Amino acid sequence: DPAVFETLFNAIQDKRTVRLRYCSPYGDSTPREHMVCPWGMYFRAHAWYLWAWCCDKENPMTLRIGRISSIVAYGTPPYKDPPRNQDVEAYASSAWYGCTGEEIHDVSIRIEPPLAKVVEETTWHPTQEIREEDDGSIVLTATVPNLGDVARWIMASAPYAKVLQPGELRQQLHELGKSIVENHN
């Protein structure tokens, strides 16, 4: 909705709070209202995201803008500024897809040809390192804030991507795979 985007853009410029309805695809999918101080918008993995302070929860949050169903600009409660020395570009750079945060998970993924060449041409994460193997495969390593984003990326890259570490990511893939099998029996 262009009106949502324009309202957010203006609220960021004017440092105004907004009340919005957001429907997350996770949980029970019930739309929830949030009062937020929007700090910035960024485009990652084919979608626009909002970086904001959630007044209700008193913490920063990331919302996919396309999931905002309604929005109203306010001037209250008082606007909270973003953390000192952090801008939207720095914040967004920690994301694999849309989820940002402190980089705490070391991941290592082996990617087989022919996908290896395609993956090698793209910066998936600012911490990534790529090692070429003799057989044409590559090993991509990175330190990421969210394993769920990486797990979904690996599922989309099947059967050419294999988790080397951590075990927690391998377990998430196992659970996703089980749910796929159960849904298609």
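Reference entry: report on the structure contained in this document. (Residues numbered from 1 in each chain as written. Predicted model: local features only at pLDDT ≥ 70, side-chain atom pairs only at ≥ 80, totals over all residues. Heavy atoms only, no water.)

**Some points on the overall build of the protein chain**
Looking only at helices and strands, one finds five helices and nine strands in the protein chain. Referenced to the eigenvectors of the C-alpha coordinate spread, the extents of the protein chain come out at roughly 60 × 45 × 30 Å. Relative to its 185 residues, the protein chain shows a buried fraction of 37%. Of all intrachain contacts in the protein chain linking residues separated by at least 6 positions in sequence, the fraction that spans at least 24 positions is 57%. Looking at the protein chain as shown, the accessible area adds up to about 10700 Å², and 49% of this sits on carbon and sulfur atoms. Positive and negative charge centroids in the protein chain, built from 18 and 25 side chains respectively, lie 5 Å apart. (Helix = DSSP H or I, 4+ residues; strand = E, 2+ residues; numbered from the N terminus. Buried < 20%, exposed > 50% of the residue type's maximum accessible area, 1.4 Å probe, protein only. Contact = heavy atoms within 4.5 Å. Areas by Shrake-Rupley, 256 points an atom, 1.4 Å probe, with all protein chains shown as cover. Lys, Arg positive; Asp, Glu negative; His and termini not counted. Charge placed at Lys NZ, Arg CZ, Asp CG, Glu CD.)

**A closer look at the sheet that holds strand β6 (residues 105–111)**
For sheets, the rule is that strands pair by backbone hydrogen bonds, running either parallel or antiparallel. Pairing within the open sheet is antiparallel, and its four strands lie in the order β7-β8-β6-β9. The sheet is open, and its two edges are formed by β7 (129–132) and β9 (161–165), each paired on a single side. Strand-to-strand twist in this sheet, taken as the mean axis angle between neighbours without regard to direction, amounts to 25 degrees. Looking at chain direction, β7 and strand β8 (residues 138–144) are connected through four bridges and run antiparallel. (Pairing = 2+ DSSP bridges. Axes fitted to C-alpha atoms, helices over the stretch in contact; angles between N-to-C directions.)

**Let's talk about the side chain of H125**
The residue H125 is located in the loop between α3 (115–120) and β7 in this model. A residue is classified by how much of its surface remains accessible, and H125, at 1% relative accessible area, is buried. Separated by 2.8 Å, the side chains of H125 and T127 make a polar contact. (Polar contact = N/O pair within 3.5 Å; in protein donor to acceptor, adjacent residues only side chain to side chain.)

**Details of the pairing of strand β2 (residues 32–44)**
Extensive coverage of β2 is indicated by the burial of ten of its 13 residues. Relative to β2, strand β1 (residues 18–22) runs antiparallel, the two sharing five bridges. Looking across to β2, one finds that R21 is bridged to E33. Where β2 and strand β3 (residues 47–54) come together, eight bridges link them in antiparallel fashion. Within β3, the position partnered with R44 by the bridge is A47.

**Observations regarding the sheet that holds strand β5 (residues 68–73)**
If you walk across this open sheet you meet the five strands as β4-β3-β2-β1-β5, and the pairing is antiparallel. Among the strands making up the open sheet, the edge pair consists of β4 (59–64) and β5. The sheet shows a mean angle of 40 degrees between the axes of neighbouring strands, direction not considered. The strands touched by helix α1 (residues 2–14) are β1, β2, β3 and β5; relative to β2, the strand with the most contacts, the crossing angle is about 90 degrees.

**Things to note about the packing of aromatic side chains**
Overall, the coordinates contain six aromatic pairs when judged by the stated rule. On the numbers, 5.6 Å between centres and 20 degrees between planes, the contact of Y42 with Y49 is stacked. Using a relative accessible area of 10% as the deciding quantity, one classes Y49 as buried. What links up through ring pairs into an aromatic cluster is the set F5, F43 and W48. (Phe/Tyr/Trp six-rings, centres within 6.5 Å; stacked < 30°, edge-to-face > 60°.)

**Some words on helix α4 (residues 147–156)**
The buried fraction of α4 is high, at seven of ten residues. Three or more residues of α4 are buried, namely L147, G148, D149, V150, A151, W153 and I154. Its side-chain oxygen placed 2.8 Å from the backbone nitrogen of G148, N146 serves as the N-cap of α4.

**Details of the nonpolar core**
Counting residues in hydrophobic clusters, the biggest one holds 19 residues, and the most contacted among them are V107, I109, I111, V119, W153, I154 and L169. When residues of this core are traced back to their parent elements, those giving at least two are β6, α3, β8, α4, β9 and α5 (167–183). Among the elements that make up this core, the one with the highest residue count is α4 (five residues). By size, the runner-up hydrophobic cluster in this structure holds 17 residues, among which are M41, M61, L63 and I65. (Core = buried A, V, L, I, M, F, W, Y, C linked by side-chain atoms within 4.5 Å.)

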